[in-house]
Amino acid sequence: MSEIEIRPLGFDSPVARTLIRAALADLGVRYGGSGDETPVDPTEFVPPDGDFLVAHLAGEPVGCGGWRSHGDDTAELKRMYTAPAARGRGVARAVLAAVEESARRHGRKRIVLECGDKQPEAIAMYTSAGYERIPNFGFYADAPGCLSFGRTL
């Protein structure tokens, strides 16, 4: 198995945009519509107030994830995605760990995320990584099926 390489990349870079479009398409299949209507500004993912990371296998971009500020000491996880061909190879866990480390490095003490109930594999990964249910927040706080999670870094 190839080693997973994770590198920071601008949220609005062509590679990141391609992965984000794929992530939204996947969410669109699960939930309908565009997949996620949450307002997102690419500048929110620029250190020290955020970061966006891309995972590569054999030099090919196969996954991504980022964080943006959610208050003074909290990070919000956004746009976690692994390409179908790379799933089951540890990419998502590696990206999650790298996102958490980046947030920690930039002074965040906690990380939170929104997820939907039609993403059982994501829910399983987050709970096995120590995330616990928290009160819903954000754009989808009142939407049916919204699940929010958080974890101390």
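Above this text is the structure in question.
The residue count restarts for each chain, going from 1 along the sequence in the order it is written. Given that the model is predicted, a residue must reach a pLDDT of at least 70 before its local features are reported, and side-chain atom pairs must reach 80 or more before they are shown or counted; all residues, however, enter totals for whole chains, interfaces and linings. No hydrogens and no water enter the side-chain calculation; it runs on all heavy atoms of the structure.

Draft legend 1. Fine view of the overall build of the chain. Scanning the chain for helices and strands turns up 3 helices and 7 strands. Counting from the N terminus, the helices are the DSSP runs of H or I reaching at least four residues and the strands are the DSSP runs of E reaching at least two. Put simply, the chain runs from its N terminus to its C terminus through helices and strands in the order β-α-β-β-β-α-β-α-β-β. C-alpha atoms of the chain, sized along the principal axes, occupy 40 × 35 × 30 Å. The burial tally for the chain puts 42% of its 153 residues in the buried class. Here the contacts in the chain between residues at least 6 apart in sequence split such that 63% fall between residues at least 24 apart. By the counting scheme adopted, Arg and Lys are positive, Glu and Asp are negative, and His together with the chain ends is not counted. We put the charge of a Lys on NZ, of an Arg on CZ, of an Asp on CG and of a Glu on CD. Taking the average location of the 18 positive side-chain charges in the chain and that of its 21 negative ones, the two points are 3 Å from each other. To sort residues, take the accessible area from a 1.4 Å probe on protein chains only and compare it with the maximum for the residue type: under 20% means buried, over 50% means exposed, and anything in between is partly exposed. Contact definition: two residues touch when any of their heavy atoms are within 4.5 Å.

Draft legend 2. Quick peek at the packing of helix H2 (residues 91-105) against helix H3 (residues 120-128). Closest axis-to-axis distance for the H2/H3 pair is 11 Å, and the angle between their directions is 50 degrees. In terms of axis orientation, H2 runs oblique to H3. The crossing of H2 and H3 is right-handed. In contact with Ala 92, Arg 93 and Leu 96 of H2, H3 contributes Met 125, Tyr 126 and Ser 128. Axis lines are fitted through C-alpha atoms, for helices just across the contact stretch, and the angle between N-to-C directions can take any value from 0 to 180 degrees. Here the angle decides the label: under 35 degrees means roughly parallel, over 145 means roughly antiparallel, 65 to 115 means roughly perpendicular, and every other value means oblique. In this scheme, a crossing is called left-handed if the near helix is turned counterclockwise away from the far one by less than a right angle; it is called right-handed if the turn is clockwise.

Draft legend 3. Expanded view of the side chain of Lys 78. Its place among the elements puts Lys 78 in strand E4 (residues 74-82). Not counting chain neighbours up to four residues away, the residues in contact with Lys 78 comprise Asp 36, Thr 38, Val 40, Phe 45, Gly 65, Gly 66 and Arg 68.

Draft legend 4. Summary view of the nonpolar core. Residues belong to one nonpolar core when they are buried, are Ala, Val, Leu, Ile, Met, Phe, Trp, Tyr or Cys, and are joined through side-chain atoms within 4.5 Å. Residues Leu 77 and Tyr 126 are the most contacted members of the largest nonpolar core, which totals 24 residues. For this core, the secondary structure elements donating two or more residues are strand E2 (50-57), strand E3 (60-69), E4, H2, strand E5 (110-116), H3 and strand E7 (146-152). Looking at this core element by element, the count peaks at 5 residues for H2. Here Leu 77 is in contact with Gly 66, Trp 67, Leu 96, Val 99, Ile 111, Val 112, Leu 113 and Tyr 126, once residues within four sequence places are set aside.

Honestly, it's all geometry; don't read function into it.
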